[in-house]
Amino acid sequence: MEDNFEPKIIGFLCNWCTYAGADLAGTSRIQYPPSIVPIRVMCSSRVDPLFVLTAFLRGADAVLVAGCHPGDCHYQDGNYYTRRRFACLKKIFDSLGLESDRIRLSWISASEGPRFAKVITEYTETTKKLGPNSTKKEIFL
């Protein structure tokens with residue numbers, strides 16, 4: 001494994017909570033690793049499991065799906081669907097022999113800029129320990 005390995009993490013961030021939390025972290029000048037490539041989605045429930053798998057297979061070292069805390073979704077039940085889908089996705093990764101530690105689900109509200117920075121920092125360190133994604137195809141990213 002390379003000593004200078006910097007992981008590339010694709011982050012599917014809920015527009016109403018997590019993306020706003022990331023914005024708060026930035027405007028508050030809270031430091032966190034530049035390893036995340038944020039993709040804004042209207043709700044975490046709009047993240048199709050194929051998006052996660054495609055990002056992973058196309059070169060992402062890890063994928064983060066983040067949304068509103070359960071019960072606080074702007075679309076009522078969206079994050080409950082996300083939680084169920086994500087549990088199935090973890091099982092699919094395990095059954096395919098992929099490292100399920102490379103995908104993560106987090107709940108981060110708009111007022112939790114420091115929590116966003118903490119999640120990204122911890123997940124970057126975890127991904128560094130796992131090393132580069134060995135299943136990627138050299139397509140883009």
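Everything below is about the structure printed above this text.
Please read these numbers as outputs of a predicted model, since none were measured by experiment. (Residues numbered from 1 in each chain as written. Predicted model: local features only at pLDDT ≥ 70, side-chain atom pairs only at ≥ 80, totals over all residues. Heavy atoms only, no water.)

Student: Please give an account of the nonpolar core that cites residues and values.
Tutor: Considering soluble globular proteins, one finds that nonpolar side chains tend to be buried as a cluster. Of all hydrophobic cores here, the largest spans 16 residues; its most connected members are Phe 12, Val 52, Val 63, Phe 93 and Ile 103. Those elements giving two or more residues to this core turn out to be β1 (9–14), α2 (49–57), β3 (62–67) and α3 (78–96). If you tally residues by element for this core, the top one is α2, at four residues. If we ignore the near neighbours within four places in the chain, the residues touching Val 52 are Phe 12, Val 47, Val 63, Val 65, Leu 89 and Ile 103. Counting residues in hydrophobic clusters, the runner-up holds 13 residues, among them Leu 13, Leu 64, Ile 108 and Phe 116. (Core = buried A, V, L, I, M, F, W, Y, C linked by side-chain atoms within 4.5 Å. Buried < 20%, exposed > 50% of the residue type's maximum accessible area, 1.4 Å probe, protein only. Helix = DSSP H or I, 4+ residues; strand = E, 2+ residues; numbered from the N terminus. Contact = heavy atoms within 4.5 Å.)

Student: Can you explain the pairing of β3? Please cite residues and give values.
Tutor: Burial of β3 is extensive: six of the six residues sit out of reach of the surface. Residues Ala 62, Leu 64 and Ala 66 line one face of β3 and the alternating positions Val 63, Val 65 and Gly 67 line the opposite face, and both faces are buried. One ladder, built from five bridges, connects β1 with β3; its direction is parallel. Bridge assignment links Leu 13 to a residue of β3, and that residue is Ala 66. Looking at chain direction, β3 and strand β4 (residues 103–107) are connected through five bridges and run parallel. The residue of β4 that forms the bridge with Leu 64 is Arg 104. For the handedness criterion, the β-α-β arrangement of β3, α3 and β4 is classed as right-handed. (Pairing = 2+ DSSP bridges. Right-handed = clockwise from strand over helix to strand, strands pointing away.)

Student: So, the packing of aromatic side chains: which residues are in play, and what are the values?
Tutor: In this structure the tally under the stated criterion is three aromatic pairs. Relative to Phe 93, the ring of Phe 56 lies with its centre 5.2 Å away and its plane at 55°, an arrangement referred to as tilted. Highlighted residues: Phe 56 in helix α2 and Phe 93 in helix α3, separated in sequence by 37 residues. Under the relative-accessibility criterion, Phe 56 is labelled buried at 1%. Take Phe 93: its relative accessible area is 0%, and that puts it in the buried class. (Phe/Tyr/Trp six-rings, centres within 6.5 Å; stacked < 30°, edge-to-face > 60°.)

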